[in-house]
Structure formats: C-alpha cells, structure tokens
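Chain and residue survey
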Amino acid sequence: AGQDCEGLDDAHLAELWARHTSFARASCSRPNPAAEHVAVEQRVKAAAEHKAEGNMRFVAQEYTAARRAYTRAIDELHAVLEEEELASEQRELLAVCLANRAECNLKLGQAAAALDDCRYADGVARRQRMTALIAKIEDRAARARVAGAGRAAG
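So, here's what we can say about the structure. Here the structure is a predicted model, which is why all the values come from computation and not from measurement.

**A short note on helix 5 (residues 111-128)**
With 18 residues, helix 5 ought to run about 26 Å at 1.5 Å a step, and its terminal C-alpha atoms sit 25 Å apart, in line with that. Helix 5 sits mainly inside the fold: 13 of its 18 residues count as buried.

**A closer look at unusual backbone geometry**
With glycine set apart, most residues show a phi of negative sign, and most peptide bonds adopt trans. Residue glutamine 61 is not a glycine yet carries a positive backbone phi of 60°. If you trace the backbone, glutamine 61 turns up in the loop between helix 2 (33-59) and helix 3 (63-83). Looking at glutamine 61, the relative accessible area reads 58%, which means it is exposed. A positive phi angle is found at arginine 129, which is not glycine, with a value near 60°. Here arginine 129 lies in the loop between helix 5 and helix 6 (131-153). Looking at arginine 129, the relative accessible area reads 69%, which means it is exposed.

**A word on the pattern of salt bridges**
For the structure on display, the rule yields 13 salt bridges. Note that arginine 127 and glutamate 85 form a salt bridge whose closest N and O atoms lie 3.6 Å from each other. Pair noted here: arginine 127 is in helix 5 and glutamate 85 is in the loop between helix 3 and helix 4 (88-107), with a separation of 42 residues, a long-range link. Judged by relative accessible area, which is 52%, glutamate 85 ranks as exposed. Where aspartate 122 meets arginine 126, a salt bridge forms, and the shortest distance between an N and an O atom there is 2.9 Å. In this pair, aspartate 122 and arginine 126 both sit in helix 5, four residues apart, roughly one turn of the helix.

Each value, and the rule that gives it
- Residues numbered from 1 in each chain as written.
- Predicted model: local features only at pLDDT ≥ 70, side-chain atom pairs only at ≥ 80, totals over all residues.
- Heavy atoms only, no water.
- Helix = DSSP H or I, 4+ residues; strand = E, 2+ residues; numbered from the N terminus.
- Expected span 1.5 Å × (residues − 1).
- Buried < 20%, exposed > 50% of the residue type's maximum accessible area, 1.4 Å probe, protein only.
- Salt bridge = Lys/Arg side-chain N within 4 Å of Asp/Glu carboxyl O.

Structure below.
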C-alpha cells in the first residue's frame with residue numbers, strides 16, 4: 001500500500017505535508033543557532049504534550065478535540081522540520097500523530113482527510129521501519145477508502 005512512499009527524505013515529506021494541508025511556508029532567518037535549538041526542543045516537547053492530550057480526548061470519545069490536539073502536535077513537528085531534519089524519535093512521533101488523527105477523521109466521517117493522513121503517515125512510518133504502525137495505517141487507509149466509496153455511491 002505504501003511502496004511509493006518508501007525512501008522519502010525530510011524534504012519530500014515536507015513537500016507532501018505542504019500539498020496536503022495547503023501550508024504556506026514563510027522564509028525564516030537564523031540569527032541565533034542556540035536559541036533555535038531551544039525552540040526546536042520546546043516544539044518537540046509541545047508536540048508530545050499535544051499528542052498526550054489527543055490520546056486523552058480520544059479515549060473520552062471527544063474526537064473533534066482529539067483531532068485538534070493531534071493537529072497541533074503535527075504542526076509543531078512540521079515547524080521543526082522547517083528548521084532541521086527530524087530526529088528518528090521525532091519522525092516516529094509525527095507518524096503516530098498522523099495515524100491517530102486519521103483514526104479521528106474516520107470516527108468523524110472524514111474519509112478523504114483520513115486517507116491523506118494515512119498516506120503521509122505511511123511514508124514516515126516506512127522510513128522508520130515501524131511495522132506495527134504501518135499495519136494500523138494500512139487498516140485505517142482501507143477503512144477510509146471503503147468509507148469514501150460508500151459516500152460517493154450514496
């Protein structure tokens with residue numbers, strides 16, 4: 001299902017992200033590398049906190065709030081990606097947040113958005129060789145395709 005996503009580098013992942021979210025990149029200057037590193041650490045920490053909030057909201061069946069929290073986590077990691085290459089654990093966090101947001105989108109009847117998240121998550125997860133997550137992503141993508149086909153037929 002995700003063979004076309006294998007071998008993506010961070011530049012390609014950023015391009016895919018921009019295409020699927022219509023995210024406009026702003027040019028940035030780098031006057032202080034030390035401050036930049038602190039900002040990156042803060043963004044990664046914030047992303048982990050947003051993911052934890054998303055998990056809590058999902059368990060409470062608050063799917064819209066969970067989706068918002070996962071989106072905030074993804075946005076934080078994407079901001080890091082604009083500054084530097086993501087570390088392995090950061091890419092793993094990104095893949096999990098995308099997969100979790102895909103599940104929220106499925107619960108909310110947003111099949112096309114779920115499929116977009118699955119495609120992006122699949123590329124990241126395959127790069128990280130996250131086999132267990134890849135299986136979940138493939139399952140979610142299949143459910144999103146079925147849900148999307150059902151809406152088109154209905």
